[in-house]
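# Structural features, examined
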Amino acid sequence: MDQLSVSPDTAESLKNLSQKDKQELNQFILNEGQKAQIQATVHSLTDTCFRKCITSKISSGKLDRSEEPCMQNCVDRFMDANLTVIRHLEQMRSM
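What this report covers is the structure whose coordinates are included nearby. (Residues numbered from 1 in each chain as written. Predicted model: local features only at pLDDT ≥ 70, side-chain atom pairs only at ≥ 80, totals over all residues. Heavy atoms only, no water.)

## Thoughts on the environment of Ser13
The following threshold applies: Comment: elements are numbered from the N terminus, with helices defined as DSSP H or I runs of at least four residues and strands as E runs of at least two.
Relative to the helices and strands, Ser13 resides in helix H1 (residues 8-15). A C-alpha to C-alpha distance of 26 Å links Ser13 and Lys35, two positions 22 residues apart in sequence.

What follows is the structure, given as structure tokens:
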């Protein structure tokens, strides 16, 4: 775990945690980091696909005829690429 800047009282409290509590805290921090990474990825995907596909002003609250399929295709390609990378990493891990 990275070093964090905490108050002396907090540091003392952390030292007094049981081993089980420390493990749970570490797992919580890892989970939160993963959530943040997923949110950043979704944000990046949204931004990329929006810039690529949305060419008109959205005044009616709906995408036009060409924008909706473009967005769907962009998201599909992103998901395909992610699945390919995940499968490759799983194969490398099992070697």
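The discussion continues.
## So, the pattern of salt bridges
What counts, and what does not: Salt bridges are identified by distance alone: a Lys or Arg side-chain nitrogen within 4 Å of an Asp or Glu carboxyl oxygen. Buried means the residue's accessible area, taken with a 1.4 Å probe over protein chains only, is under 20% of the maximum for its type, while exposed means over 50%, and partly exposed covers the values in between.
One pass over the structure, following the stated rule, counts four salt bridges. Across the salt bridge formed by Lys20 and Glu24, the nearest N and O atoms sit 3.4 Å from each other. Residue Lys20 and its partner Glu24 are located together in helix H2 (residues 19-53), separated by four residues, close to a single helical turn. Under the relative-accessibility criterion, Lys20 is labelled exposed at 55%. Judged by relative accessible area, which is 44%, Glu24 ranks as partly exposed. Across the pair Lys35 and Glu32 runs a salt bridge whose closest N-O atoms are separated by 3.0 Å. Placement of both Lys35 and Glu32 in helix H2 is noted, with a separation of three residues, approximately one turn of the helix. Judged by relative accessible area, which is 47%, Lys35 ranks as partly exposed.

## Considerations on the state of the cysteines
Worth spelling out the cut-off: We call a pair of cysteine sulfur atoms a disulfide whenever their separation is within 2.5 Å.
The full count for this structure, using the stated rule, is two disulfides. Each sulfur in the disulfide pair Cys49 and Cys74 lies 1.9 Å from the other. Linking Cys49 and Cys74, the disulfide has an S-S dihedral of approximately -85° and is accordingly described as left-handed. Taken together, the residues Cys49 in helix H2 and Cys74 in helix H3 (residues 67-94) connect sequence positions 25 residues apart. On the basis of relative accessible area, Cys74 is assigned to the buried category, the value being 12%. Paired by a disulfide, Cys53 and Cys70 hold their sulfur atoms 2.1 Å apart. Handedness here is read from the sign of the S-S torsion; for Cys53 and Cys70, about -70°, the answer is left-handed. With Cys53 in helix H2 and Cys70 in helix H3, the pair connects residues that are 17 residues apart, well separated along the chain. Among the residues examined, Cys53 registers a relative accessible area of 4% and is labelled buried. Counting only the cysteines that form disulfides, in the order they appear in the chain, gives the pairing 1-4, 2-3.

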